[in-house]
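Coordinate inspection notes
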Amino acid sequence: MTTAEMTINPARVRRARLAYGTVLIAVGLFIYLIFGLNTQPGLQTTFGINLAGAHAVPVPDLVVPAQGTVYLMAGIAVFFGAFQLARGIKSTGTLVGVIAATFVIAFLTWAAQGKSFNLTGMISSSLVRATPIALAALCGVISERSAVINIGIEGIMLLSAQTAVVTASLTDNLYVGLFAAILVGGLLAAFHAYLVIRFKVDQIVSGVAINIFGAGFTSFVGSRFLEKNTDLLNNSGVFPVISIPVLDRIPILGPMLFENNIVIYLMILLVVVLHITLFYTPWGLRTRAVGEHPKAADTLGVNVYLVRYVNVILGGMIAGLGGAYFTIGSVGRFDEIMTAGKGFIGLAAMIFGKWNPIGAFTSSLIFGFADSLQVKLQILRVPIPSEFLLMAPYIVTMIVLTGVVGRAAPPAADGQPYEK
Amino acid sequence: MTNVLELRGITKRFPGVLANDHIDITLREGKILALLGENGAGKSTLMNILYGLYKPDEGKIIVRGQEVEIHGPNDAIARGIGMVHQHFMLVPVMTVTENVMLGVEPVKNGLFLDKAKVAARIREISDQYGLEVDPDAYIKDLPVGIQQRVEIIKVLYRSADILILDEPTAVLTPQEVEGLFKIIRSLIEKGKSIIFITHKLKEVLQIADDITVLRLGKVVGSISPQEATAEILASMMVGREVSLVVSKQPAKPAEPVLEVKDLYVRDERQNLTVNGISFDVRKGEVLGIAGVQGNGQTELVYALTGLLPLESGEIRLLGQPVRHTTPRNILERGVAHIPEDRQRHGLILSFPVHDNLVLCTYYKPPFARGITLQEKVIFENAEALVKQFDVRTPSIFVNAGGLSGGNQQKVIVAREFSRPIQLLIASQPTRGLDVGSIEYIHSQIIKKRDEGTGVLLVSSELDEILALSDRIAVMYKGHIMEIIEAGKANKEYIGLLMAGVHPQGTPQPVEGVIAEKVF
Amino acid sequence: MTEKDKPKSKTTEGIGGGSLREALRVPALAVLTGLLIGAIAIVVSGSNVFEAYYALFVGSFGDPVRFFNGFQQFFTTGETAGLLRAIYPFTESLVTATPYIFAGLSVALGFRCGLFNIGAEGQFFIGALASAFVGYSLTGLPAFIHLPLALLAGMAGGALWGTIPGYLKARFGAHEVVNTIMMNWIAFRLSDWLLNGPMKASGFRPVTPNIEHTAELPRFFPDPLRLNWGFILALAMAYVVYWFLFKTTLGFEIRSVGANPDAAKYAGMNIIRNFVMVMALAGALAGMAGASQVLGVDHWVGQGFSAGYGFDAIALALLGKSHPAGVVLAALLFGFLRSGATRMQSMAGVPIDIISIIQGLVIVFIAAPDIIRWLYRLKSVKVEETVLTRGWGR
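Keep in mind that this is a model prediction, so the values were computed, not measured.

Here is what the cut-offs are and how they apply
- Residues numbered from 1 in each chain as written.
- Chains lettered and ligands numbered in written order.
- Predicted model: local features only at pLDDT ≥ 70, side-chain atom pairs only at ≥ 80, totals over all residues.
- Helix = DSSP H or I, 4+ residues; strand = E, 2+ residues; numbered from the N terminus.
- Rg over C-alpha atoms; globule rule 2.2 N^0.38 Å.
- Buried ≥ 20, exposed ≤ 12 C-beta atoms within 10 Å, placed from the backbone.
- Contact = placed C-beta atoms within 7 Å.
- Nonpolar A, V, L, I, M, F, W, Y, C, P; charged D, E, K, R; others polar.
- Pairing = 2+ DSSP bridges.
- pLDDT = per-residue confidence, 0-100.
- Axes fitted to C-alpha atoms, helices over the stretch in contact; angles between N-to-C directions.
- Expected span 1.5 Å × (residues − 1).
- Arc of directions from axis to C-beta.
- Parallel < 35°, antiparallel > 145°, perpendicular 65-115°, else oblique.
- Core = buried A, V, L, I, M, F, W, Y, C linked by C-beta atoms within 7 Å.
- Left-handed = near helix turned anticlockwise from the far one by under 90°.

**Some remarks on the overall build of chain C**
Summing up its helical and strand segments, chain C has 15 helices and zero strands in all. Taking 2.2 N^0.38 as the reference for a compact globule, 394 residues should give roughly 21 Å; the C-alpha atoms of chain C span a radius of gyration of 22 Å, in line with that estimate. Seen through its C-alpha atoms, chain C measures out along the principal axes to roughly 70 × 50 × 40 Å. For chain C, buried positions account for 56% of its 394 residues. Considering only intrachain contacts with a sequence separation of at least 6, the fraction spanning at least 24 residues in chain C is 77%.

**Examining the overall build of chain A**
If you tally the helices and strands in chain A, you get 17 helices and five strands. In terms of C-alpha radius of gyration, chain A reaches 23 Å, essentially the compact-globule figure of 22 Å for 420 residues. On the principal axes, the C-alpha backbone points of chain A span a range of 65 × 65 × 40 Å. Burial status across chain A gives 55% buried among its 420 residues. For chain A, the proportion of contacts with a sequence separation of at least 24, taken over those separated by at least 6, is 79%.

**Brief notes about the interface of chain B and chain A**
Tallying the contact residues gives 26 residues for chain B and 23 residues for chain A. Elements that contribute at least two residues to the side of chain B that touches chain A include exactly α2 (73-78), β8 (112-113) and β14 (272-282) of chain B. Among the elements that make up the side of chain B that touches chain A, the one with the highest residue count is α2 of chain B (three residues). A per-class count over the side of chain B that touches chain A returns 14 nonpolar, seven polar and five charged.

**A closer look at the pairing of strand β10 (residues 193-198) of chain B**
Along any regular strand the residues' side chains alternate between the sheet's two faces. Residues and elements named next belong to chain B. Of all six residues that make up β10, six are buried, and the element is covered over most of its length. Alternating residues of β10 divide into Ser193, Ile195 and Ile197 and Ile194, Phe196 and Thr198, and every residue in both groups is buried. Here strand β3 (residues 32-36) runs beside β10; their pairing, made up of five bridges, is parallel. Paired with Ile32 across the two strands is Ile194, which belongs to β10.

**Remarks on the interface of chain A and chain C**
It is common to report an interface's size as the accessible area lost on association of the parts. Facing the 40 residues of chain A at the interface are 40 residues of chain C. Of all the secondary structure elements, the ones that give two or more residues to the side of chain A that touches chain C are α8 (203-226), α15 (342-352) and α17 (386-401) of chain A. For the side of chain A that touches chain C, the leading source of residues is α8 of chain A, giving 14 residues. Grouping the constituent residues of the side of chain A that touches chain C by class yields 27 nonpolar, nine polar and four charged.

**Thoughts on unusual backbone geometry**
Along the chain, Pro365 of chain B connects to Pro366 of chain B via a cis peptide bond; the corresponding omega equals 5°. Within the secondary structure layout, Pro366 of chain B lies in the loop between α12 (353-356) and β19 (368-369). Cis rather than trans, the peptide bond between Asp223 of chain C and Pro224 of chain C has omega equal to 5°. Relative to the assigned elements, Pro224 of chain C resides in the loop between α7 (176-196) and α8 (229-247).

**Observations concerning the confidence of the model for chain A**
Looking at chain A as a whole, its pLDDT mean stands at 87, while 95% of the residues score no less than 70. Long-range and interchain partners of residues 1-8 of chain A, a stretch whose pLDDT sits below 50, account for 10 contacts in this model, where long-range means more than four residues apart.

**Digging into the sheet that holds strand β4 (residues 58-63) of chain B**
Strands pair in a sheet through their backbones, by hydrogen bonds, and they do so in one of two ways: parallel or antiparallel. All names here are of chain B. Reading across from one edge, β2-β1-β4-β5 is the order of the four strands in this open sheet, with antiparallel pairing throughout. Of all the strands in the sheet, just β2 (17-28) and β5 (66-68) have a single pairing partner and so form its edges. Put simply, the sheet's adjacent strands are angled 25° from each other on average, direction ignored. As defined by bridge partners, β4 adjoins β5 across three bridges and the pair is classed as antiparallel. Note that in β5 the partner of Ile62 across the bridge is Glu67. Sitting on the sheet, helix α1 (residues 43-50) touches β1 (3-14), β2 and β4, and the angle it makes with β1 is about 115°.

**Some points on the environment of Leu226 of chain A**
Secondary-structure assignment places Leu226 of chain A in helix α8. Ignoring sequence-local partners within four residues, the contact set of Leu226 of chain A consists of Val221, Leu233, Asn234 and Phe334 of chain A.

**Overview of helix α13 (residues 375-388) of chain B**
Residue and element names in this part refer to chain B. Given a rise of 1.5 Å per residue, 14 residues ought to cover 20 Å, and the 20 Å separating the end C-alpha atoms of α13 matches this to within 8%. The set of residues buried in α13 consists of Ile378, Asn381, Ala382, Leu385 and Val386. Each buried residue of α13 sits inside an arc of 125° when the element is viewed along its axis, so together they form one side. Residues of α13 that are exposed and angled more than 90 degrees away from the buried face: Lys376, Lys387 and Gln388. Packing partners of the buried residues in α13 comprise α12, β20 (372-373) and α14 (405-417). Within two residues after α13, Asp390 carries a phi angle of roughly 55°, on the positive side.

**Regarding the pairing of strand β1 (residues 44-48) of chain A**
Residue and element names in this part refer to chain A. In this sheet, strand β2 (residues 62-65) lies alongside β1 in antiparallel orientation, the contact comprising four bridges. Bridging across to β2, Thr46 finds its partner in Val63. The pairing of β1 with strand β3 (residues 116-118) spans three bridges and is classified as parallel. Pairing of Thr46 across the sheet is with Ser116, part of β3.

**Section: the packing of α8 of chain C against helix α9 (residues 249-259) of chain C**
Residues and elements named next belong to chain C. Between α8 and α9, the shortest axis-to-axis distance is 5 Å and the interhelical angle comes to 75°. Taken together, the axes of α8 and α9 are roughly perpendicular relative to one another. Contact residues: α8 offers Phe244, Leu245, Phe246 and Lys247, while α9 offers Leu250, Gly251, Ile254 and Arg255. Split into classes, the residues belonging to the contact of α8 with α9 amount to five nonpolar, one polar and two charged.

**Points about the sheet that holds strand β18 (residues 335-338) of chain B**
All names here are of chain B. As summarised here, the arrangement of the six strands in space is β18-β21-β22-β15-β23-β24, forming an open sheet in which the pairing is mixed. Both edges of this open sheet fall to β18 and β24 (479-485), since each of them pairs with a single strand only. Geometrically, the sheet is characterised by an average inter-axis angle of 15° between neighbouring strands, direction not taken into account. Across four bridges, β18 lies against strand β21 (residues 423-427) in parallel orientation. Bridging across to β21, Val335 finds its partner in Leu423.

**What about the nonpolar core?**
With 411 residues, the main nonpolar core has Leu138 of chain A, Leu50, Phe196 and Val474 of chain B together with Leu316 of chain C as its most contacted residues. When residues of this core are assigned to their parent elements, the largest contribution, 15 residues, is made by helix α11 (residues 271-298) of chain C. If we skip the residues at most four places from it in the chain, Val474 of chain B touches Ala290, Gly291, Ile480, Met481, Glu482, Ile494, Leu497 and Met498 of chain B.

**A look at the packing of helix α4 (residues 81-112) of chain C against α8 of chain C**
All names here are of chain C. Running from N to C, α4 and α8 point in directions that differ by 15°, and their axes come no closer than 8 Å. Our classification of the angle between α4 and α8 gives roughly parallel. For α4 against α8, the interelement crossing comes out left-handed. Listed contacts from α8 to Leu94, Thr98, Ile101, Phe102, Leu105, Leu109 and Arg112 of α4 are Gly230, Phe231, Ala234, Met237, Ala238, Val241 and Leu245. For the contact of α4 with α8, a count of residues per class yields 11 nonpolar, two polar and one charged.

**Brief notes about the environment of Tyr167 of chain C**
Structurally, Tyr167 of chain C is set in helix α6 (residues 143-172). For Tyr167 of chain C and Ala187 of chain C, which are 20 residues apart along the polypeptide, the C-alpha to C-alpha distance reads 18 Å.

**Looking at helix α6 (residues 174-189) of chain B**
All names here are of chain B. The end-to-end C-alpha distance of α6, which contains 16 residues, comes to 23 Å, matching closely the 22 Å that a straight helix rising 1.5 Å per residue would cover. In this structure, the buried side of α6 is in contact with α4 (115-129), α5 (144-157), β9 (162-166) and β10. One or two positions beyond α6, positive phi appears at Gly191, with a value near 95°.

**Things to note about the environment of Ala414 of chain B**
Residues and elements named next belong to chain B. Structurally, Ala414 is set in helix α14. Separated by 27 residues in the primary sequence, Ala414 and Lys387 place their C-alpha atoms 9.9 Å from one another. Setting aside its immediate chain neighbours within four residues, Ala414 contacts Leu357, Leu385, Gln388, Phe389 and Val391.

Right, here's the structure in full:
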């Protein structure tokens, strides 16, 4: 790169600096006016650290003066805004982080004034709620790194959720159910791969067909068989929580990471394994090459179609695991359309996570947080209709997709069929 | 002397086309075989068969006296055949090392990529053949000349001793071509054999040991460089006598139609690719913009036609400033644009010819009344233009995608020239076309010039620039190195400018007209 | 080869001209194959296929015996009751097809511009709620004002719901597939709130009050036949969309943007404006689907009102090759299937969801015509395939 190419248009930088600074100050004022002035002076907010029934060593709860904390948050936001206007901060990530953190903390302090709010419970339920989203996102990452878009994740998860609960109920063995779900996920993805690779079907159309089929088939089976034989077919129980000795005694982290069921552990394991595979192994190198420039890979003797088949099918198996989470991983029964758009939210998490396993996982946590926040707020009886709180994850998804917050290019060949 | 490679009776049919018709070629050990032919002669098809990317319908491949079957690149690599593709097969977001190791990755601990080992081997190869390159650099940051070295290293890393170079000089400056020839000679010294595919006559005469000429999928003949001359090769390639010059009168330039001052433009990835350039185009002249591809020409044209916003600077069309304006506004002010990528920008391939012919004017009378399209007028317009511009199409209702490249380009030319225009911006107007179409389009451009239109011609084919231009601007890294009167230009001088070097002293005037025309 | 054997000329593409049979062959076989596989599912689930499909036929077209009796009665006594009863299933099929036509046109219009509108379901719902609101809240208006107003409200509601993802796509390149899905979920949550709160009728059920009579689309026959002007409106709309797409400069732009956005930009077309306009129009069409259902058929809105229409609409647009005439044919087919399926459920005990399975299969077969050609050993025809979608909206 020459220096000329690196120079940045000063006008553009100035505009961005002013915009972020103004937003920060606006957030600060909003916190002050809406949360601060509506907090009763003298009330305290208790953030619980200890989770009932958890193995962690008990520590004192975090008790803060409500109004003071809200004002502090408003102050921090305004301070950063002023600093930004005056000097400018390089990292947009920091700015967005400050906006989100001050707003969320102030909001929670305001909402839970005079009451107790369990922070650890909130964080660990974020991870739990992030699990199906993260698995969907990982499915997306691995497929799209080889340039195949799989928008049928939602349908795959629905079908494997149902498969898991039915097989587990019939065999009375949750692990058989888990295996069956993964198998069904793999089979559906194989079908998708076959359509888009062999027949060059439009990838999005094929994915939509899987979604329609998934919704129709599960409803069909649900109303035809499950309703009448709930005990036999739709009552599996759920995976038990496995505590990891010693580690589960760490406050906050213990209940969050080390007291979970097998699906959640598998998800975390998959994040690590996929990251290593993608960036440090021959298969990963080939996958990335196929996703960026399939012809180049082909001319070096890499079997483009094979790489795509394997990745898409592996992705489907991961989505199958995600489907199993909905039934045998959390509630033990199947309900119609119980995935509620999580497959699509997973795709947004994948985009936000820049097609990286770890990025996809962290952005899934944001969605999981939005989801569990909504539940907590209903418990706290916040004066906002619950229906509006339920919209939060969907609205967050749409904001994320606008790319206001960080933007990365997808794999160059993403979505395009490969012709020799 | 042994033959390392023989192709016997290779035949390949595509739907409706006989791409290769019983082709025989022979490559001698340690020699350079030049495969000469114009675009569409079947050279690339033949090499893709040899490399296992296509399956031949008939014929056999003999490597070192043994008949072999090549089902894919892996087979070719195993037989010691390596190919440097015309369009580089490199992944831009990966490093040199990653690109080289792809497909034959060594591992450590049984699982993980061993990049250090590959990087060391790359350095070895670099030293051995004089192919200097940084193994840890990302491809997207390297200039094309270096990218080509990476391609060659990829082949040598796989221990190939038969190298196929497909149009390797297309993207290089004349000086870089010399560098490439040096590398080729050092490869030959080390015992490699090379097939050199090109459509450029002078290069063939300069480097080949044997020459085989293809035309319309058939071998026309083989000849040694000692017996051959440019004229003989040209008539073998095209099948008739070819006039090697474009006949044109001296230009009669008038007042400027286009004035560009201190223009800066960013590309879609926000890199500053046009770095403060100024020039003007006058009525009745052709200003040629020479330069290796990727030096900001594309972005310059996009900025002039409204497809990219200006970062700063000024553009004036007929004296009126152009800023914050739309492509439509620019079109309506009398600018015609023959785009670089005709299938991406120039045509809607799934639309019939008649709709493509009104792509820029469909909303205006007589093609529209209010918001309703006047189909009858559109059809009549198409019939007339197809006749006038000699577009070979079964009917005006055929989709543009069904036409040959030359006829697609004629559709674009017909559409753009049928509007009243003051300025013609022609970007790579003859890329990938056959000689007949090239001649036709060149003559049309000159005709427009003589009618008083200002022409901005952007081409990476130096010969095309030299043949058509009245003045030549050379672009390098977003700057204009110099603007020269065509009469004072010669290839070497422009070549140095294209490589970013300001030659000492004034250029030597060329004797006679530029001898070679582009194919 | 003699002069005679040579192909005379290239036939024109698409619907119309000599290739009409060719254009219909694959969709027809796709539907047939879908029904065959559906039959297998019926057998597996333990029902009688013939009984089920006979019920499907009677439920969608009517009972031939009743027809005969009805006609006989009409010609002998002039009594129409029997005849009306006989044509009831047929009219119900047309009633079912009405929102399908609108919704299918919505998705087809999007496809023509390279946009994949999966949000017809949410737009449908919002359109229905908006027209219901105008329908019940305004009183004392004459019908010639009230009805158009209610229809317009439905269109506006749907258009709003479509415009948001359209704008996000045009401005930020945010993919419309994910965003329209998100808009669906937001619509469902919003409607939960509205139907339990501001728009709830008195009573226990979360439904809106009935609309005023002045806002109803007039019906052609006495009750219980529900066929109404909505059907005629849908057919008229199909013609308008056809004219708009193929005979106007705006349609030319839309199709250009859909077929090759780069070339469209080169030719001076405004991509952003087209994206927003098409999503608004697509939303308005889906909103009309909802409005026609409320104003012509149900006269009130309840929870889950739009369930399944969005995905059905995609199937319709694909089946109809994004051509308005094709969409109408496909919508009629789906109308007959859906309407008959209700009968099938009650008579043969086959769940209505079987139709969704059949639809999923039909989409796959339409999208991959090679499967159909391979199954039926058809000669492969080289057709210019239009690109429907491209990646993450670049």
